[in-house]
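# Examination of the molecular architecture
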Amino acid sequence: QVQLVESGGGLVQPGGSLRLSCAASGIIFSTYSMAWYRQAPGKQRELVVGISSGGSTDYTDSVKGRFTISRDNAKNTMYLQMNSLKPEDTAVYYCNAKRLRPFFGDLNYWGQGTQVTVSS
């Protein structure tokens, strides 16, 4: 059974920092591309940043220079270090694991989400 469990969310003041974690089980973690998505109230879920199985990363423009994604394959865990947080970063943050399979269909899993609130 695949499980993605996020942790580390909470309430932080503007300019503050948080570190999110996503612990994976039931998958061969090192073979999956991982990503953080977020969904603010009344908005669609959006991709924040992804990291490939090889370690390549891609960030949405609004978080470049403030957020850093990383992964520890030995611990089956992905991280998101969020610095200089802004109120517009407020959202539920979701962990995603994806593996593309050209012949047998892609594998795609989601965590339950963790709330990040940036407010004074």
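Refer to the structure above for everything that follows.
Remember, it's a predicted structure, so these values are computed and weren't measured experimentally.

About the cut-offs
Residues numbered from 1 in each chain as written. Predicted model: local features only at pLDDT ≥ 70, side-chain atom pairs only at ≥ 80, totals over all residues. Heavy atoms only, no water. Pairing = 2+ DSSP bridges. Helix = DSSP H or I, 4+ residues; strand = E, 2+ residues; numbered from the N terminus. Salt bridge = Lys/Arg side-chain N within 4 Å of Asp/Glu carboxyl O. Buried < 20%, exposed > 50% of the residue type's maximum accessible area, 1.4 Å probe, protein only. Axes fitted to C-alpha atoms, helices over the stretch in contact; angles between N-to-C directions. Polar contact = N/O pair within 3.5 Å; in protein donor to acceptor, adjacent residues only side chain to side chain. Contact = heavy atoms within 4.5 Å.

## Let's talk about the pairing of strand β9 (residues 91-99)
With seven bridges joining them, strand β4 (residues 33-39) and β9 adopt antiparallel strand pairing. Residue pairing in the sheet places Ala-35 in a bridge with Asn-96 of β9. Inspection of the sheet shows β9 paired to strand β11 (residues 114-118) by three bridges, in the antiparallel sense. Residue Ala-91 lies in a different strand from β11, and its bridge partner there is Val-116. Bridge count for β9 against strand β10 (residues 107-110) is four bridges, and the pairing is antiparallel. Opposite Lys-98, over in β10, you have Asn-108 as the bridge partner.

## A look at the pattern of salt bridges
Applying the stated rule across the entire model yields four salt bridges. The partner of Asp-61 in a salt bridge is Lys-64, with the nearest N and O atoms 3.0 Å apart. According to the relative accessible area criterion, Lys-64 is partly exposed, its value standing at 48%. The shortest N-O distance in the salt bridge between Arg-66 and Asp-89 comes to 2.7 Å. Taken together, the residues Arg-66 in the loop between β6 (57-59) and β7 (67-72) and Asp-89 in the loop between β8 (77-82) and β9 connect sequence positions 23 residues apart. Neither Arg-66 nor Asp-89 differs from the other in exposure class; each is buried.

## Notes on the sheet that holds strand β1 (residues 3-7)
Working definition: the strands of a sheet are paired by backbone hydrogen bonds and lie parallel or antiparallel to each other. Judged by pairing direction, the sheet is antiparallel, and its four strands sit side by side in the order β1-β3-β8-β7 without closing on themselves. The sheet terminates laterally at β1 and β7, the two strands that pair on one side only. Across this sheet, the average inter-strand angle for adjacent strands is 15°, counted without regard to direction. Here five bridges tie β1 to strand β3 (residues 18-25), and the two strands are oriented antiparallel to one another. By the bridge assignment for β3, Gln-3 is matched with Ser-25.

## Quick look at unusual backbone geometry
Residues other than glycine seldom take positive phi values, yet Asn-76 does so here, at roughly 55°. The residue Asn-76 is located in the loop between β7 and β8 in this model. Positive phi is not limited to glycine here, since Ser-84 has a value of about 50°. In this structure, Ser-84 sits in the loop between β8 and β9.

## As for the side chain of Asn-96
Tracing the sequence through the fold places Asn-96 in strand β9. Side chain to side chain, Asn-96 and Asn-108 meet in a polar contact 2.8 Å long. Apart from residues no more than four positions distant in its own chain, Asn-96 is found in contact with Leu-4, Ser-33, Met-34, Ala-35, Tyr-37, Asn-108, Tyr-109 and Trp-110.

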